[in-house]
Amino acid sequence: MGTKSFGNGAGGGKSDGLDLSTGMTVTVAITGLSHDGQGVARLADRVLFVAGALPGEQAKVRLTHKARRHWLAELQQVLEPAAERRRPPCILAEDCGGCSLQHLDDSAQQHWKHQKVVDALRRIAHLDTEVAPLMAAPEGLGYRNRAIIPLERCEDGRLRAGFYRPGTHKIVNMNRCPVLDPRLDALIAPLKSDLETSDWPVDRDCREGGGLRHLALRIGSYTGELLITLVSSTPDLEGIEILAAQWMQRWPELVGVCLNLQPLATNTLMGPETRVVVGRSWVQERFCDLELRIAADTFFQVHTRQAERIVPLVLAALAGSAPGVMVDAYCGIGTYSLPVAAAGWHVHGIELSPEAVHQAKANARENGLSESATFETGVVAECLAEHLVHCDAVFLDPPRKGLEPATLLAIIERPPAHLLYLSCDPATLARDLGQLVGGGSYRLESVQPIDFFPQTSHVETLTVLSRIGAGVPTPQPEAAEPE
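A short tour of the structure in this document, coming up. (Residues numbered from 1 in each chain as written. Predicted model: local features only at pLDDT ≥ 70, side-chain atom pairs only at ≥ 80, totals over all residues. Heavy atoms only, no water.)

Remarks on the sheet that holds strand β15 (residues 273-279)
A sheet is described by the order of its strands in space; here 6 strands give the open sequence β11-β10-β12-β13-β14-β15, paired in mixed fashion. The sheet is open, and its two edges are formed by β11 (159-161) and β15, each paired on a single side. Strand after strand, the sheet turns through a mean of 25° between neighbouring axes, direction not considered. Where strand β12 (residues 212-219) lies against strand β13 (residues 226-232), 7 bridges are found, and the strand directions are antiparallel. (Pairing = 2+ DSSP bridges. Helix = DSSP H or I, 4+ residues; strand = E, 2+ residues; numbered from the N terminus. Axes fitted to C-alpha atoms, helices over the stretch in contact; angles between N-to-C directions.)

The following block contains the structure:
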C-alpha cells in the first residue's frame, strides 16, 4: 500500500475520497501536542495521535487503531524535523513508555508545560488569568528518588526488568534509566543479575501461582540512604535473607531490604503489608531543614528539590495573616504539614493511608512538632467539613483525579480565608477551580506551574486562592529559572 498525503478537509473515515484503514501509511503535518505529549495531526475531520512526533513536522505514519473520534498512528519517519527535536538521552526512549518527551529539548518542554496549564484554565475553567513562568527543574535527568520497576521471567529463565511499551503491557528490558538518581540507576543491573540467578518465580499478573512482581528502589536525595523492596505475591522466596544480607554488605548506603506482599491480580503496584527482611523499612531524608522518615510503601514527591521549592510559595501565600490553623488535606507523611507547622501554624493533616499517618506522626515527634502538627486517618471528603469551622487555611494536594464533589461542596459552603491547591493534573485542577472561582467564593491570586517531571508530559501547579472579602494580599512567588 502506498503512502498518501493529507491536508485539512472534510469527511469522516475518509480523506480525499480514500478509505482509511488500519495498517495504511500516510504523510501528515503535525500541528500540536496532546495532553500526554503525543503529536496531533488531522485526517480530514479526524484527529490523529502520533507518539514521538512534534509540532511543525511532516511525518510518515502508519495507522494502528481506529477509535470513535480519532486514530492512533505509529511514527514511521520524520520527513521534516522540528527545530526543537533532539536525540533522546535514553537509548530506549522510542520504546519505553516511562518518558514521552525526551525527543523535545528542555526549553521547548518548559514552554509547552506552561502553555498546557494556560490552555486548561481557559478551556475548562474559562479563566483567562496570568500564569507565572514555569519553575524549571535544575536538572532534566537523574532526579527521580524512587522507581517501581515491573519484572518478568522469560521461558529461558532470563529476567526482564523495565517499564511498559506505550499502550501495551509489554516490558521494555533495561539495565539503566537516566531519569533516576544515578545512585539508584547503578543498582538496576546488579540487582537484575542477582534476581535472575535466584530462580524465584516471577508472576507480575498473578496468573501462574505467585512470585515476584516489581523491584522498588528509594533513596534519600540529601542523605544518600538506599532502600530496596521486592514486591511479590508470595512470601515464599527461599534464601531471601541470605541475598538481602549480601546486598547490605555490598552497598554501605543500603539501610534496609523489604518484602512487600501484593497477592491481588490488579494493577495496584504495592500491597498493604511490608515486611522487613534486614535493616529497616525507611530512609532518612532532609527536607526544608527537617528530618523525614520515608518508608518503602508510602508516597513522597519523586523530585525532592522541586518539592522543597513549594514550601516558600506556601509560606508566602500565608504571610498576609498571623499564624492560625491550616488543614492539610491528603497530607501523606507530612511533607508540607511539617514545614508550615515549623513556621508557627497549627496544622491538622488528613490522609487515607494509616501507614502514612503513622509516619507523619513519627516525623512530627522527631522534629519536635507534635503539638503543632496533628494527623488523622480518614477520607478527606468525609472529614474535611468538621475542620473548616475553625480553619484559617486549607492546603489541598489531591491525587490526579482531583477533588471529590463532597470536598468541593464543603469548601464552598464554609470557605477558609486561604486556599492553596497543589495539582498534578491541569485538567482536573481547572475543573475544580471553575467551581471555586466561578461560584463566587474565591478570587484566584496566583498560578505557579512547577516542573517535577522533566522528560515527561506531567506538570505540577500550585494555585493560591483567597476568599472574596478576606483581603489577602497576592503572594510574590519565587523567581522562576530562565527557560
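Re the pattern of salt bridges
Scanning all chains against the criterion turns up 17 salt bridges. Across the salt bridge formed by D95 and R165, the nearest N and O atoms sit 3.2 Å from each other. With D95 in the loop between β9 (70-80) and α1 (106-123) and R165 in the loop between β11 and α2 (182-198), this pair connects stretches of sequence that are 70 residues apart. (Salt bridge = Lys/Arg side-chain N within 4 Å of Asp/Glu carboxyl O.)

Some points on the pairing of strand β6 (residues 39-43)
With respect to burial, β6 is a largely interior element, 4 of its 5 residues being buried. Looking at chain direction, strand β5 (residues 32-33) and β6 are connected through 2 bridges and run antiparallel. Within β6, the residue paired with G32 across the bridge is V40. Adjacent in sequence and paired antiparallel, β5 and β6 are bridged by 5 residues, among which G37 carries a positive phi angle near 90°. With 5 bridges connecting them, β6 and strand β7 (residues 46-51) associate as antiparallel partners. Each bridged residue has a counterpart across the sheet, and for A41 the counterpart in β7 is L48. (Buried < 20%, exposed > 50% of the residue type's maximum accessible area, 1.4 Å probe, protein only.)

Details of the pairing of strand β21 (residues 393-396)
Along β21, one buried face is formed by A393 and F395 and the opposite face, lined by V394 and L396, is buried too. Relative to β21, strand β18 (residues 325-329) runs parallel, the two being bridged by 4 bridges. Looking at the pairing, A329 lines up with L396 of β21. Pairing of β21 with strand β22 (residues 418-423) involves 4 bridges; the strand directions are parallel. Considered in β22, the bridge of A393 is made with H418. Between the parallel pair β21 and β22, the chain is carried across by helix α9 (residues 405-413), and the sense of this crossover is right-handed. (Right-handed = clockwise from strand over helix to strand, strands pointing away.)

Things to note about the sheet that holds strand β20 (residues 373-377)
Taken in spatial order, the 7 strands of this open sheet run β20-β19-β18-β21-β22-β24-β23, and their pairing is mixed. Here the strands that pair on one side only, and so sit at the sheet edges, are β20 and β23 (442-450). Averaged over all pairs of adjacent strands, the angle between strand axes in this sheet comes to 15°, irrespective of strand direction.

Let's talk about unusual backbone geometry
The phi torsion at H126 lies on the positive side, around 55°, for a residue other than glycine. Relative to the assigned elements, H126 resides in the loop between α1 and β10 (146-153). Here the phi dihedral of Q455 falls at roughly 80°; this positive angle occurs in a residue that is not glycine. Along the chain, Q455 turns up in the loop between β23 and β24 (460-467).

Here we look at the packing of α9 against helix α10 (residues 426-438)
The interhelical angle for the contact between α9 and α10, taken along N-to-C directions, is 25°, at an axis separation of 10 Å. By the angle class used here, α9 and α10 are roughly parallel. Seen along the crossing, α9 lies across α10 with a hand that is right-handed. Between α9, through L408, I411 and I412, and α10, the contact on the second element is made entirely by D432, Q435 and L436. When grouped by side-chain class, the residues that make up the contact of α9 with α10 number 4 nonpolar, 1 polar and 1 charged. (Parallel < 35°, antiparallel > 145°, perpendicular 65-115°, else oblique. Left-handed = near helix turned anticlockwise from the far one by under 90°. Contact = heavy atoms within 4.5 Å. Nonpolar A, V, L, I, M, F, W, Y, C, P; charged D, E, K, R; others polar.)

With respect to the environment of M135
Looking at the secondary structure, you find M135 in the loop between α1 and β10. In the structure, M135 is positioned 43 residues away from P178 in sequence and 21 Å away in space, judged by C-alpha atoms.

Points about the packing of aromatic side chains
All told, the structure shown has 4 aromatic pairs when counted by the stated rule. On the basis of an interplanar angle of 80° and a centroid distance of 5.8 Å, the ring pair of F287 and F300 is categorised as edge-to-face. Here F287 is found in strand β16 (residues 282-287), whereas its partner F300 is found in the loop between β17 (290-295) and α4 (304-308), with 13 residues between them in sequence. Exposure class is identical for F287 and F300. Each is buried. Ring geometry for Y336 versus F395: centroids 5.3 Å apart, planes at 50°, classification tilted. A residue pair is termed long-range when its members are at least 10 positions apart, and Y336 in the loop between β18 and α6 (337-342) and F395 in strand β21 qualify at 59 residues. An identical accessibility class is assigned to Y336 and F395; each is buried. Grouping aromatic residues by their ring pairs yields a cluster made of F287, F300, Y336 and F395. (Phe/Tyr/Trp six-rings, centres within 6.5 Å; stacked < 30°, edge-to-face > 60°.)

Considerations on the side chain of K113
Here K113 shows up in helix α1. The exposure class of K113 is buried, given its relative accessible area of 0%. Of note is the side chain of K113, whose polar atom sits 3.0 Å from the backbone oxygen of F453. The residues touching K113, leaving out its near neighbours within four places in the chain, are L101, L134, D451, F453, P454, T456, S457, H458 and V459. (Polar contact = N/O pair within 3.5 Å; in protein donor to acceptor, adjacent residues only side chain to side chain.)

Things to note about the nonpolar core
Among the nonpolar cores identified, the biggest contains 85 residues, and L217, I228, L230, W247 and Y336 are the most heavily contacted of them. If we ignore the near neighbours within four places in the chain, the residues touching W247 are L191, D194, L195, I228, L230, L254 and V257. (Core = buried A, V, L, I, M, F, W, Y, C linked by side-chain atoms within 4.5 Å.)

Topic: α9
Inspection of α9 places T407, L408, A410 and I411 among the buried residues, and these make up the whole buried set. Angularly, the buried residues of α9 cover 160° about the axis, an arc narrow enough to put them on a single face. Of the exposed residues in α9, those oriented more than 90 degrees away from the buried face are P405 and E413. Against α8 (380-387), β21, β22, α10 and β23 lie the buried residues of α9. (Arc of directions from axis to C-beta.)

Topic: the environment of P405
Checked against the element boundaries, P405 lands in helix α9. Along the sequence, P405 and D432 sit 27 residues apart, while their C-alpha atoms lie 9.1 Å from each other.

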